[in-house]
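Secondary and tertiary structure notes
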Amino acid sequence: MYLDQFVTEQDTKRCEIRIAKSKKGFKNVDAVLEDKLFRDERPKVALLFASTSITMQDFNAGVNAAAVKIDFKEERQSFGNAHALSVFLQQLDKTGYDVIALVRGGGGGIEALDEIEVLTTVSGMNTPIICAIGHVGEELFLKTIADKVAPTPNGLGQYFSEMVEKVTAQRNNSRAALVEEVKKQFVKQLDESNKKNKELLAQVEKMTKQAQEQTKTFNEGLKKQQEENKKNLEAQQKKNDEALAKLQAQSKQQMEKSNKQNEELQKKLAEITKANENAHD
């Protein structure tokens, strides 16, 4: 059996760490950043470089204007001391960063990042981890348990730059879509309002016409009633005048009859008086 077919204790522990990370679940770094950027909030990103690393220049070469939208904080720690690096990562995990990026160029010494203590710490962290270590093609077990892997420090800078450009475009498109939707809703509300106004105007015109017709009918009825009342009043007045004339005629006849009777009575009374006088003589 060949020596490279033997499974070392370190291989077994790395496998266990990979299984534990899979069970815990990989965090969606893109979603974390996109969510904050879309809400116009500035994500807080820790950039952890080796103590003497100059890869910050490579990162800055790719990041472009992303720093306008993202708060990058440069952190420094020796990558050659697994214990010190693990302790420092645990401290960063409690600081409130949205993302922590491990950034280092390629070359000798990067294998120290595959120490079991470092791998165990990274797999158990709550903060999403981006691994931007080494050159393209350089293999690290750390990359298999990181939540996201960038090919190089420069590629990490480009990733943040592209992320900002992408979300900015989405926000602009979203604003345009929102404006268009608001415009559509406004036009719809305006059309509905105009329709309701036309219906209301039609109702007002109908009610006005009905009121005018009712007023006309009332006035015609009132005029007709007044004419009938006038006729009735004239007829009644005529009857009253006729009755009064008849009564006056009857009264006149009665008066004449009474006067005649009175004259006859006076005449008889005079005759009686004269007769009495003659009798005494």
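See the structure printed just above.
Residues numbered from 1 in each chain as written. Predicted model: local features only at pLDDT ≥ 70, side-chain atom pairs only at ≥ 80, totals over all residues. Heavy atoms only, no water.

A closer look at helix 5 (residues 116-123)
- The complete set of buried residues in helix 5 reads V118, L119, T121, V122 and S123.
- Packed against the buried residues of helix 5 are helix 1 (9-24), helix 4 (82-93), strand 3 (99-104), strand 4 (129-133) and helix 6 (142-145). (Buried < 20%, exposed > 50% of the residue type's maximum accessible area, 1.4 Å probe, protein only. Helix = DSSP H or I, 4+ residues; strand = E, 2+ residues; numbered from the N terminus. Contact = heavy atoms within 4.5 Å.)

So, the nonpolar core
- Formed by 26 residues in total, the largest nonpolar core has its most connected members in L48, L102, V122, I133 and L142.
- Every element with two or more residues in this core is listed here: strand 1 (44-49), helix 4, strand 3, helix 5, strand 4 and helix 6.
- When residues of this core are assigned to their parent elements, the largest contribution, five residues, is made by helix 4.
- In contact with L48, not counting residues within four places along its chain, are E75, R76, Q77, F79, L85, F88, L89, L92, A101, L102 and V103.
- Listed in part, the 23 residues of the second largest apolar core include M56, I70, L156 and V167. (Core = buried A, V, L, I, M, F, W, Y, C linked by side-chain atoms within 4.5 Å.)

Some remarks on the sheet that holds strand 3
- Read across the sheet, five strands follow the order 2-1-3-4-5 without closing on themselves; strand pairing throughout is parallel. Every other strand in the sheet has two partners, leaving strand 2 (71-76) and strand 5 (148-149) as the edge strands with one partner each.
- With respect to the sheet, helix 2 (residues 29-38) is in contact with strand 1, strand 3, strand 4 and strand 5, its orientation differing from that of strand 3 by roughly 120 degrees. (Pairing = 2+ DSSP bridges. Axes fitted to C-alpha atoms, helices over the stretch in contact; angles between N-to-C directions.)

Observations concerning the packing of helix 4 against helix 5
- Two elements in contact, helix 4 and helix 5, have axes separated by 8 Å at closest approach and are oriented at 10 degrees. Of the possible angle classes, the one that applies to helix 4 and helix 5 is roughly parallel. Only E117, V118, T121 and V122 of helix 5 make contact with helix 4, whose side of the interface consists of A82, H83, L85, S86, L89 and Q90.
- Its residues assigned to classes, the contact of helix 4 with helix 5 shows five nonpolar, four polar and one charged. (Parallel < 35°, antiparallel > 145°, perpendicular 65-115°, else oblique. Nonpolar A, V, L, I, M, F, W, Y, C, P; charged D, E, K, R; others polar.)

Quick word on unusual backbone geometry
- The phi torsion at D40 lies on the positive side, around 60 degrees, for a residue other than glycine.
- Here D40 is to be found in the loop between helix 2 and strand 1.
- Under the relative-accessibility criterion, D40 is labelled partly exposed at 49%.

Some remarks on the pairing of strand 4
- Most of strand 4 is tucked away, with five of its five residues classed as buried.
- On strand 4, burial covers both faces: I129, C131 and I133 on one face and I130 and A132 on the other are all buried.
- Considered for its hand, the β-α-β crossover made up of strand 3, helix 5 and strand 4 is right-handed.
- Where strand 4 lies against strand 5, two bridges are found, and the strand directions are parallel. The partner of I130 across the bridge, within strand 5, is K148. (Right-handed = clockwise from strand over helix to strand, strands pointing away.)

Re the packing of aromatic side chains
- By the definition in use, this model includes four aromatic pairs.
- Note on F72 and F160: the rings are 5.0 Å apart at their centroids and 70 degrees apart in plane angle, and the pair reads as edge-to-face. Of the two residues, F72 is situated in strand 2 and F160 in helix 7 (residues 153-280); the sequence distance between them amounts to 88 residues.
- Its relative accessible area of 0% is what places F160 among the buried residues. (Phe/Tyr/Trp six-rings, centres within 6.5 Å; stacked < 30°, edge-to-face > 60°.)

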